[in-house]
Amino acid sequence: MQGRDKLCAKLTSAFLRKWWFVLATAVVLLLLGIICAIFFGTWVRLFIDHELVLRPGSMTFEWWARPPVRPFVHVYVYNVTNADEFLNNGSKPILDELGPYVYSEEWEKVNITDNENGTLSFHYKRTYTFQPELSSGLDDDAVVVPNIPML
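Everything numeric here is computed off the predicted structure, so don't read it as measured data.

**Student:** How do you make sense of the sheet that holds strand β2 (residues 95-114) when you look at a structure like this?
**Tutor:** Note on sheets: strands pair through backbone hydrogen bonds, and any given pair is parallel or antiparallel. Across the sheet, which stays open at both edges, the 3 strands sit in the order β1-β2-β3 with antiparallel pairing between neighbours. A single partner strand is all that each edge strand has here, and the edge strands are β1 (72-80) and β3 (120-130). Within the sheet, the average angular offset between the axes of one strand and its neighbour, ignoring direction, is 35°. Note: β1 against β2, 8 bridges, orientation antiparallel. Within β2, the residue paired with Asn79 across the bridge is Asp96.

Following this line, the structure appears as C-alpha cells:
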C-alpha cells in the first residue's frame, strides 16, 4: 500500500507537471503551425505587394530606376597597320587586335511618368565611364579600322 501511495504521489506531482508542460507546448506549436499553414500564402502575397510595388520613395523603385549593378563592357578593336598599302596597292590588310578597352556602364531611367492606367513611362539613360586601370590602352588611342560596308 505504501508503494502504491508513493507511485500516486509521484504521478501527481513533478512528473505530471512536466508532462502537462510538454503537452501544452505541443498543442501551442501545433496551433501555430496550423495558423501559419492557413495564412502563410496571404502573408507572403501582402509582403510582396507591399515591397515590390513601384512607387516613388520605395527601395524597389530606387533599385528599378537606378540599378545598383554596374556591368563592365570590354571592347576590342582591330587596327589596320598597313592602311596605305591596303588602300593604294590592294594588298591584304594586316590587323592588330587592340584592347580590351574597359568601360563601366551605368543605367538610369529618367523622365519617369506615372500614367493614369497604372503604368510607368520613362526614357533610358546609359552612361559609359572609361576604366583606365582595367584597360590595356588609352581612351584616345589612334586606330585605323576598315569601313566594312564600303568594302
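After that view, the rundown keeps rolling.
**Student:** Please explain the pattern of salt bridges as it appears in this structure.
**Tutor:** Pairs may arise between side chains of opposite charge once their charged atoms sit close together. In the structure shown here, the tally under the stated rule is 3 salt bridges. Across the pair Arg66 and Glu106 runs a salt bridge, and its minimum N-O distance is 2.3 Å. A residue pair is termed long-range when its members are at least 10 positions apart, and Arg66 in the loop between α3 (59-65) and β1 and Glu106 in strand β2 qualify at 40 residues. Of the residues examined, Arg66 reaches a relative accessible area of 41% and is grouped as partly exposed. Put simply, Glu106 and Arg70 hold a salt bridge, and the shortest N to O gap is 3.8 Å. A residue pair is termed long-range when its members are at least 10 positions apart, and Glu106 in strand β2 and Arg70 in the loop between α3 and β1 qualify at 36 residues. A network of salt bridges, in which partner residues are shared, links Arg66, Arg70 and Glu106.

**Student:** Would you explain the side chain of Ser135 in this entry?
**Tutor:** Examined against the element boundaries, Ser135 turns out to sit in the segment after β3. For Ser135, a relative accessible area of 14% corresponds to the buried category. Within the structure, Ser135 has its side chain in polar contact with the backbone oxygen of Gln131 (distance 2.8 Å). In contact with Ser135, not counting residues within four places along its chain, are Pro100, Tyr101, Val102 and Phe130.

**Student:** It is not clear to me how the UniProt feature "transmembrane region" (unreviewed entry) in the protein chain should be interpreted in this structure. Could you clarify?
**Tutor:** Within this numbering scheme, the UniProt entry marks residues 20-48 as carrying the feature "transmembrane region" (unreviewed entry). What you have in residues 20-48 is 100% helix and 0% strand, and the ends, taken at the C-alpha atoms, are 40 Å apart.

What counts and what doesn't
- Residues numbered from 1 in each chain as written.
- Predicted model: local features only at pLDDT ≥ 70, side-chain atom pairs only at ≥ 80, totals over all residues.
- Heavy atoms only, no water.
- Pairing = 2+ DSSP bridges.
- Helix = DSSP H or I, 4+ residues; strand = E, 2+ residues; numbered from the N terminus.
- Axes fitted to C-alpha atoms, helices over the stretch in contact; angles between N-to-C directions.
- Salt bridge = Lys/Arg side-chain N within 4 Å of Asp/Glu carboxyl O.
- Buried < 20%, exposed > 50% of the residue type's maximum accessible area, 1.4 Å probe, protein only.
- Polar contact = N/O pair within 3.5 Å; in protein donor to acceptor, adjacent residues only side chain to side chain.
- Contact = heavy atoms within 4.5 Å.
- UniProt positions renumbered as here; feature names shortened; annotations may be inferred.

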